[in-house]
Amino acid sequence: MKNLFKVSALALAFAGLAFGAKAQTSTPTTTTTTSTTTKSGIRYSIGVDAGIPLGDFKDNYKWNLGGSVQADIPVVSNQLFVTVNAGYNNIFGKNDVVVGNTTVSPTDFHLIPVKAGLKYFPISNFYVQGEAGAAFLLNKSDVGANKSTAFVYAPQVGVQFPVSASSFIDAGIRYEATTKYATGVDASKVNFIGLRVAYGF
């Protein structure tokens, strides 16, 4: 129930951001273009990432917090971009998890995900994005893993709207998942629903 509440809160926050973007673009005097770019056409953003674990992973981990930087490289002007994203993600372990007759407190996961993908604007300010890459586990021995790298993928939807002639806000909600960090252990797959709110320039 607690996780359902958290997921609902994330969804409501995203809906509020999307509504705000729609309200902004519905004003006749407000631009609806997403053309805030550098002279080369590349958009850069720095964001805060947060999320709630899903699947078997949520049995031992409660939430995650991190940050990321992203570059959006134009392929089709104002509509299709190649994305490159790198960041840091700390996934916090739960306290007092009961395993058999023992109570443990799982060690936090420290990840550096590096992803690339495509970002497409079917309509002004709204986008769909898909990325894949590698997620590097910084504390493999501490969490009982035998792999330090896993494949990661992340489908996302979001809104991007200008706040000035040279800057914008990018807010997206995504599902992110990795392959296993411990052979044969499903609970070592990192799965979460996350929210990224970024400042772009």
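Right, let's walk through the structure included here. For every chain, the first residue of the written sequence is number 1, and numbering continues from 1 along that sequence. pLDDT decides what is reported in this predicted model: residues at 70 or higher carry local features, side-chain atom pairs at 80 or more are listed and counted, and totals for whole chains, interfaces and linings draw on all residues regardless. Side-chain descriptors were evaluated using all non-hydrogen atoms of the structure, hydrogens and water having been removed beforehand.

## Looking at the pattern of salt bridges
Opposite charge on two side chains permits pairing when their charged atoms draw close. Condition: Each salt bridge in this description consists of a side-chain nitrogen of Lys or Arg and a carboxyl oxygen of Asp or Glu lying within 4 Å of one another. Put simply, DSSP H or I for four residues or longer makes a helix, DSSP E for two residues or longer makes a strand, and each gets a number counted from the N terminus. Here's how the labels work: a residue is buried when its accessible area is under 20% of the maximum for its type, exposed when over 50%, partly exposed in between, all with a 1.4 Å probe on protein chains only.
If you walk through the whole model with that rule in mind, you get seven salt bridges. When the shortest N-O distance is used, the salt bridge between Arg 174 and Asp 49 registers 3.2 Å. One end of the pair, Arg 174, is in strand β9 (residues 167-180); the other, Asp 49, is in strand β1 (residues 43-53), and 125 residues separate them in sequence. For the pair shown, Arg 174 and Asp 49 are each scored as buried. Put simply, Arg 174 and Glu 176 hold a salt bridge, and the shortest N to O gap is 2.7 Å. With respect to class, Arg 174 is no different from Glu 176; both count as buried. Through salt bridges with shared partners, one network takes in Asp 49, Lys 115, Arg 174 and Glu 176.

## Here's the deal with the nonpolar core
Quick note on the threshold: The set of buried Ala, Val, Leu, Ile, Met, Phe, Trp, Tyr and Cys residues whose side-chain atoms join them within 4.5 Å is what this entry labels a nonpolar core. Contact criterion: two residues are considered in contact whenever any of their non-hydrogen atoms come within 4.5 Å of each other.
Counting 13 residues, the largest nonpolar core has Phe 57, Ile 91, Phe 109, Leu 111, Leu 137, Tyr 181 and Val 190 as the members making the most contacts within it. Listed by contribution, the elements that provide at least two residues to this core are β6 (109-123), β7 (126-137), β8 (149-164) and β10 (189-200). Residues contacting Leu 137, with those up to four places away along its chain left out, are Phe 109, His 110, Leu 111, Val 143, Ala 145, Lys 147, Ser 148 and Tyr 181.

## Observations regarding the pairing of β10
So the rule is basically this: One bridge is not enough; two strands pair if DSSP finds at least two bridges between them.
Where burial is concerned, most of β10 is hidden: nine out of the 12 residues are buried. As paired strands, β1 and β10 are joined by nine bridges and run antiparallel to one another. By the bridge assignment, Ile 46 is partnered in β10 with Tyr 199. In this sheet, β10 lies alongside β9 in antiparallel orientation, the contact comprising 11 bridges. When the sheet's bridge partners are listed, Ala 177 is paired in β10 with Asn 191.

## Structural notes on the side chain of Asn 89
To keep it simple, the criterion reads: Counted as a polar contact is a pair of N or O atoms within 3.5 Å, where, for protein atoms, one must be capable of donating a hydrogen and the other of accepting one, and residues adjacent in sequence contribute only when both atoms are in side chains.
Within the element layout of this structure, Asn 89 appears in strand β3 (residues 80-93). Relative accessible area serves as the criterion here: at 4%, Asn 89 is assigned to the buried category. A polar side-chain atom of Asn 89 sits 3.3 Å from a polar atom in the side chain of Asn 64.

## So, the sheet that holds β6
Strands belonging to one sheet form pairs held by backbone hydrogen bonds; the direction of such a pair is parallel or antiparallel. The cut-off we apply is this: Whenever a helix is involved, its axis is fitted only over the stretch in contact; in every case the axis is a line through C-alpha atoms, and angles between N-to-C directions fall within 0 to 180 degrees.
In space, the eight strands of this closed barrel follow the order β1-β2-β3-β6-β7-β8-β9-β10, with antiparallel pairing throughout. Within this sheet the neighbouring strands show an average axis-to-axis angle of 25 degrees, counted without direction.

## Quick look at the environment of Val 98
Tracing the backbone shows Val 98 in strand β4 (residues 97-99). Sequence separation between Val 98 and Asn 60 is 38 residues, and the spatial gap between their C-alpha atoms is 9.5 Å.

## Here's the deal with the side chain of Gln 70
With respect to the element layout, Gln 70 can be found in strand β2 (residues 61-76). In this structure the side chain of Gln 70 is engaged in a polar contact, spanning 2.9 Å, whose partner is the side chain of Asn 85. Those residues in contact with Gln 70 that lie beyond four places of it in its chain are Arg 43, Tyr 44, Ser 45, Thr 83, Val 84, Asn 85, Lys 119, Gln 129, Glu 131 and Arg 196.

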